[in-house]
Amino acid sequence: MHELSIASALRDQVLQHLPQSLVLRRASLDVGTLEHLDPAVLRIAWDSLASIPRLQGSALDIRHVPVRLRCRACDREYAPPHQAQLSCPHCSHTRPEVLEGWGIVLVSLETGPPDEERADQQNG
Ligand SMILES: [Zn+2]
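The model shown is predicted, which means the values in this text are computed figures rather than measured ones. (Residues numbered from 1 in each chain as written. Predicted model: local features only at pLDDT ≥ 70, side-chain atom pairs only at ≥ 80, totals over all residues. Heavy atoms only, no water.)

As for the sheet that holds strand 4 (residues 77-78)
Pairing between the strands of a sheet is mediated by backbone hydrogen bonds and can be parallel or antiparallel. A sheet is described by the order of its strands in space; here three strands give the open sequence 4-3-5, paired in antiparallel fashion. Single-partner strands in this sheet number two, and they are strand 4 and strand 5 (97-100). Note that strand 3 (residues 68-70) and strand 5 share three bridges and pair antiparallel. Residue pairing in the sheet places Leu69 in a bridge with Val98 of strand 5. (Pairing = 2+ DSSP bridges. Helix = DSSP H or I, 4+ residues; strand = E, 2+ residues; numbered from the N terminus.)

Spelled out as structure tokens, the structure:
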């Protein structure tokens, strides 16, 4: 599963940046449309991997980055009308350069102090 390996890499990256004394509240991602990621599946994969207490219950914000291409023949930039049709609308050249819309980037982390009350819930 594509999403599971991405979530796993993401967790490693988050743990590298997360100070020891803090917990993760939210991680924000930029995901290129060409990655064909299913955000719902990625969230499920994230929840299953984020069983470390400092990551538990953290939210995942996924922003889709639309595809932008530049034609190698006529040098014009364009957004493809459809992902299955990337050829240049001006000259029909079929091998554009991808300017945006690829890759997965961890943009920001929202952290906070550990929530002591979450582990110590009321028993009525
Ligand atoms: Zn062109």
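There is more to say, and it comes next.
With respect to unusual backbone geometry
Although it is not a glycine, Asp75 adopts a positive phi angle of roughly 65°. Checked against the element boundaries, Asp75 lands in the loop between strand 3 and strand 4. Residue class for Asp75 comes out exposed when judged on its relative accessible area of 56%. Positioned with a positive phi, Ser92 is a non-glycine residue whose angle comes to about 70°. (Buried < 20%, exposed > 50% of the residue type's maximum accessible area, 1.4 Å probe, protein only.)

A word on the coordination of the zinc ion
When a metal carries six donors in an octahedron, the ideal angles between them are 90 or 180 degrees, while four donors in a tetrahedron ideally lie at 109.5 degrees. Surrounding the zinc ion are the protein donor atoms Cys71 (SG), Cys74 (SG), Cys88 (SG) and Cys91 (SG), at 2.3 Å. Mapping the donors of the zinc ion onto the primary sequence yields the spacing C-x2-C-x13-C-x2-C. (Donors = N, O, S within 2.8 Å, 3.2 Å for Na, K, Ca; no water.)

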